[in-house]
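# Observations on the model geometry
Below are the chains, spelled out letter by letter.
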Amino acid sequence: MMKALSLLSLTLCAAGLARAQMVVPAQPAGQGGAMPTAPSGFDASGSSVKPASNDPAHRGETPNPQLLGMEIPLLDPASDSVSYNGGRFDVGNNAAVRAMFEKYLQQTPDDSTESKRYRDLINRILKETQKSGRDGRYTIGSGSLVNIGLSLYEADKYPGDGGQSGMLASSIVSAIDVQRKNLQRDKQSARLMEEYNKHIERANQMQNASQYRKDGRSIGGGKKGAGGGGGAGDVNVLAIAQDVKQAAKKEALEAANTAANEAGLAASKVNYQSVLISLLMSRRFDHAVIGARVYRHVYKDGDTQLKMKKDSKASELFTGVAGMPPTVNAIDSLASNARREVDQSIQAVYNMLAQNKLGEATQHLIEAVAIGEYMQSVATFPMEARQRIARYWTLRKRALSALNARDYNTVEEIARKMKEMDEDFDDSLLLSYTAGKKRQSDLALRNAFKALKKGDEDAFNQYIQEAGIIWPLNPQLEQGAKQLVQYDEGDAEKEEFRRLLELKSYRRIAREKERFKIVNTDPELAKKYEEVITLVMRMDGMLEQIRSVAGQDTALGPCMAYEKMVQWQKENEDFAADSEMKEALHEFESLAHDFVQALRDAAACEERREFGSALSGYYRAQCKYPHSELAAQGIRRVTDIIVRASYN
């Protein structure tokens, strides 16, 4: 019943308040636009019929997942509506309902002496109307009905009543006045019928008398004389005509009274019923119950069928939502159940607050306010309790707003605070939802960076946009934006990189490797960039290693280092072109001067074909550095020439 009343309250909220929850015709599954964000209704039991969205921010989700006791707000931007409990509702009016609840939380409880007197008066009237409709004290004009009317007029003086009691009292008085007029007409009609019967009876008697005279019989049984009594016959005919005419007048007046009674009664019922429906739709349930019960005392014909258009909104209220026939008894039943459910909800709120279950307490108070804003238990709800729920409600609103904005860090922070306020608050779905969205955004960014390295600008733009839609405040988006700027401004760096490659200025590229990273957007240049960085790192490692070894032996170390450097440059022309390698070679050449000079002298003699002097020079070099491969090679080469005597 509470679910039905919750939906009923959204429909009732309200003709009198101009804040009606307008129902949009439900669309079949698979129709309607994608839904972004905004809160749906208050009922946590509502389920959506909206299909899964193609929006990257909600891809792969179940339609309208439930968070914080409410559906995640995924609105239809085309119709500004949201799925709720199998139907679709206007979200703008939902916002008005939420505003009403927030206003209620900030209002001072209505617990003044005047309000207590007013509620006592309403309770006495309710108790008085519980009597049976057949109770003799409730006849038209009886003291009981008069007292009810007077009490309602007295209640109308209270400002918080909003004129509802006076409107109902006026309707009751108007209905009673119509009934009194009908009774007066009924009495008049009874007198008219008596006179009608007298005229008819007298006319019949005179008609019979005339007939007897025509048959030659007197009233006493004698025969009528010839030519006697002719004047009397004429008089009888005129008298009969006069009686018949008077009888017809009486009959016409009685028929007019009957028609006036029926028309007045029908109009009176329509007026009274419109007041009852208005009270129900404005959620004045106490007054609706009073009016429905008094209706049965005022109209004792047993006809309680509501006079309304078949396809009207008022008719849909009963047949569509409540599932009841449109009768006065249905109004009594709806209003009575609403009163009971509201009081039970408020009692549940007290119990949950005592257990510090703020989430459930908030949900039940929302239901109570949405259904019974004017009920006594709602109006007198304590301010301290309202403030506790208001603090929790504010966090809940902020969480939904943050979800709308996809600010998942804020959502997680609010979830932590809500958990501190209510230990029973289940933050697992909320945290798992935000964590999943963060991972989706990070994955899209990763794909964007991979696309950028491959030089696929279209894929990069697609993935970076998707990452921003899923999580607009993702801190890594700034890095993506910087890379995009670098990509747009990287043409000059690419040209400079190509020029340095031609000059084999690998050291320059390595020193400014961060600047030249942009070339990675070009697959061919990216390969060259990787080769250059690897080459320079390799040369630096070799230099560091050889300097370390050379420093361990100041006599032979420089000789070994020089020889190794010469060997490297012969094997790799990139090494020979490197400035650092050249500088290191000059350094070791200076430290191993005697060894180097001996090798150079021997090589010069060998070139001049002075093989004896050359052999002597190579041996001198070997003495400086016994492990010299260059000296050993020179000795073998020159010795071979001398032995073969091929030096001529």
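Residues numbered from 1 in each chain as written. Predicted model: local features only at pLDDT ≥ 70, side-chain atom pairs only at ≥ 80, totals over all residues. Heavy atoms only, no water.

### Things to note about the overall build of the chain
When you go through the chain residue by residue, the secondary structure sums to 25 helices and 5 strands. Considering only contacts within the chain whose residues lie at least 6 apart along the sequence, 67% involve residues at least 24 apart. Accessible surface for the chain amounts to roughly 33000 Å². Of this, 51% is attributable to carbon and sulfur atoms. (Helix = DSSP H or I, 4+ residues; strand = E, 2+ residues; numbered from the N terminus. Contact = heavy atoms within 4.5 Å. Areas by Shrake-Rupley, 256 points an atom, 1.4 Å probe, with all protein chains shown as cover.)

### Brief notes about helix H9 (residues 328-354)
With 27 residues, H9 extends 40 Å between its outermost C-alpha atoms, agreeing within 8% with the 39 Å of an ideal straight helix rising 1.5 Å per residue. Downstream of H9 by one or two residues, Asn356 has phi in the positive range, about 65°. (Expected span 1.5 Å × (residues − 1).)

### Concerning the nonpolar core
Among the nonpolar cores identified, the biggest contains 75 residues, and Tyr272, Leu365, Phe381 and Ile389 are the most heavily contacted of them. With 11 residues, the top contributor of residues to this core is H9. Excluding its chain neighbours within four sequence positions, the residues that come into contact with Ile389 are Phe101, Leu105, Val349, Leu353, Ala361, Thr362, Leu365 and Phe381. One finds Ile509, Leu543, Cys605 and Leu615 within the second-largest nonpolar core, a separate group that totals 48 residues. (Core = buried A, V, L, I, M, F, W, Y, C linked by side-chain atoms within 4.5 Å. Buried < 20%, exposed > 50% of the residue type's maximum accessible area, 1.4 Å probe, protein only.)

### Here we look at the packing of helix H3 (residues 113-128) against helix H7 (residues 285-298)
Axis separation between H3 and H7 bottoms out at 10 Å; the angle between their running directions is 30°. On the basis of the axis angle, H3 is roughly parallel to H7. For the element pair H3 and H7, the recorded crossing hand is left-handed. Residues Tyr118, Ile122, Ile125 and Leu126 of H3 lie in contact with H7, whose contacting residues are Asp286, His287, Val289, Ile290 and Arg293. (Axes fitted to C-alpha atoms, helices over the stretch in contact; angles between N-to-C directions. Parallel < 35°, antiparallel > 145°, perpendicular 65-115°, else oblique. Left-handed = near helix turned anticlockwise from the far one by under 90°.)

### Section: the side chain of Arg119
Mapping Arg119 onto the fold places it in helix H3. Arg119 gets classed as buried once you look at its relative accessible area, which sits at 10%. Those residues in contact with Arg119 that sit more than four places away from it in its chain are Asp110, Asp111, Gln376 and Thr380.

### Notes on the environment of Asp458
Assignment of secondary structure puts Asp458 in helix H15 (residues 457-470). Classification of Asp458 by relative accessible area gives exposed; the value is 63%. Residues Asp458 and Ala448 lie 10 residues apart in sequence; the distance between their C-alpha atoms is 9.6 Å.

### Describing the packing of aromatic side chains
Across all of its chains, the model carries 9 aromatic pairs by this definition. Taking 6.3 Å as the distance between ring centres and 75° as the angle between the ring planes, the aromatic pair formed by Tyr408 and Tyr433 counts as edge-to-face. One end of the pair, Tyr408, is in helix H13 (residues 408-421); the other, Tyr433, is in helix H14 (residues 428-453), with 25 residues separating them in the sequence. Owing to a relative accessible area of 0%, Tyr408 belongs among the buried residues under this scheme. (Phe/Tyr/Trp six-rings, centres within 6.5 Å; stacked < 30°, edge-to-face > 60°.)

### Focus: the pattern of salt bridges
Considering all chains together, one arrives at 27 salt bridges under this definition. Between Lys504 and Asp574 there is a salt bridge; the shortest N-O distance is 4.0 Å. Taken as a pair, Lys504 in the loop between helix H17 (491-503) and helix H18 (506-511) and Asp574 in helix H21 (residues 573-577) lie far apart in primary sequence, 70 residues in all. Overall, the relative accessible area of 32% leaves Lys504 in the partly exposed class. Using a relative accessible area of 19% as the deciding quantity, one classes Asp574 as buried. When the shortest N-O distance is used, the salt bridge between Arg620 and Asp601 registers 3.7 Å. One end of the pair, Arg620, is in helix H24 (residues 611-624); the other, Asp601, is in helix H23 (residues 593-607), and 19 residues separate them in sequence. Given the relative accessible area of 40%, Arg620 is considered partly exposed. (Salt bridge = Lys/Arg side-chain N within 4 Å of Asp/Glu carboxyl O.)

### What to know about helix H22 (residues 579-591)
The terminal C-alpha atoms of H22 lie 19 Å apart, and with 13 residues this matches the ideal 18 Å at 1.5 Å per residue to within 8%. Structurally, H22 contributes buried residues whose contacts are with helix H19 (523-550), helix H20 (557-571), H21 and H23. N-cap assignment for H22: the residue whose side-chain oxygen lies 3.2 Å from the backbone N of Glu580 is Asp578. (Polar contact = N/O pair within 3.5 Å; in protein donor to acceptor, adjacent residues only side chain to side chain.)

### Comments concerning unusual backbone geometry
Among all residues except glycine, the phi angle is most often negative; among peptide bonds, the trans geometry is most common. Of note in the backbone geometry, Arg283 takes a positive phi value of approximately 65° without being a glycine. Within the secondary structure, Arg283 is located in the loop between helix H6 (230-281) and H7. Judged by its relative accessible area of 1%, Arg283 is buried. Located in the positive-phi region is Arg609, a residue other than glycine, with phi close to 65°.

### Side note on the side chain of Glu606
With respect to the element layout, Glu606 can be found in helix H23. The exposure class of Glu606 is buried, given its relative accessible area of 17%. Side-chain polar atoms of Glu606 contact the side chain of Tyr618, separated by 2.6 Å. Those residues in contact with Glu606 that lie beyond four places of it in its chain are Phe611, Ala614, Tyr618, Arg637 and Val638.

### Remarks on the environment of Tyr158
Relative to the elements of secondary structure, Tyr158 occurs in the loop between helix H4 (143-155) and helix H5 (164-214). When its relative accessible area of 11% is taken as the criterion, Tyr158 is described as buried. Separated by 40 residues in the primary sequence, Tyr158 and Tyr118 have C-alpha atoms spaced 6.7 Å apart. Not counting the four nearest positions on each side in its chain, Tyr158 is found in contact with Asp110, Glu114, Ser115 and Tyr118.

### A few points about the confidence of the model for the chain
Note that predicted coordinates carrying low pLDDT should not be read in detail. Per-chain confidence: the chain averages 74 in pLDDT, with 71% of residues scoring 70 or above. Within the chain, strand E1 (residues 23-24) has the poorest average pLDDT of any element, 32, and H13 the best, 90. Below a pLDDT of 50 lies the segment residues 65-93, which in the model reaches 130 contacts outside its immediate sequence neighbourhood of four places, other chains included. Low pLDDT (under 50) marks residues 218-230, which in the prediction has 6 contacts with non-local residues, meaning those over four places away or in another chain. (pLDDT = per-residue confidence, 0-100.)

### Comments concerning the packing of H23 against H24
Between H23 and H24, whose axes approach to 8 Å, the crossing angle comes to 165°. Overall, the two elements H23 and H24 adopt an arrangement that is roughly antiparallel. Relative to H24, H23 is oriented so that their crossing is left-handed. For the pair H23 and H24, the contacting residues are Asp594, Phe595, Ala598, Leu599, Asp601, Ala602, Ala603, Cys605 and Glu606 in the first and Phe611, Ser613, Ala614, Gly617, Tyr618, Arg620, Ala621 and Lys624 in the second. Its residues placed into classes, the contact of H23 with H24 shows 10 nonpolar, 2 polar and 5 charged. (Nonpolar A, V, L, I, M, F, W, Y, C, P; charged D, E, K, R; others polar.)

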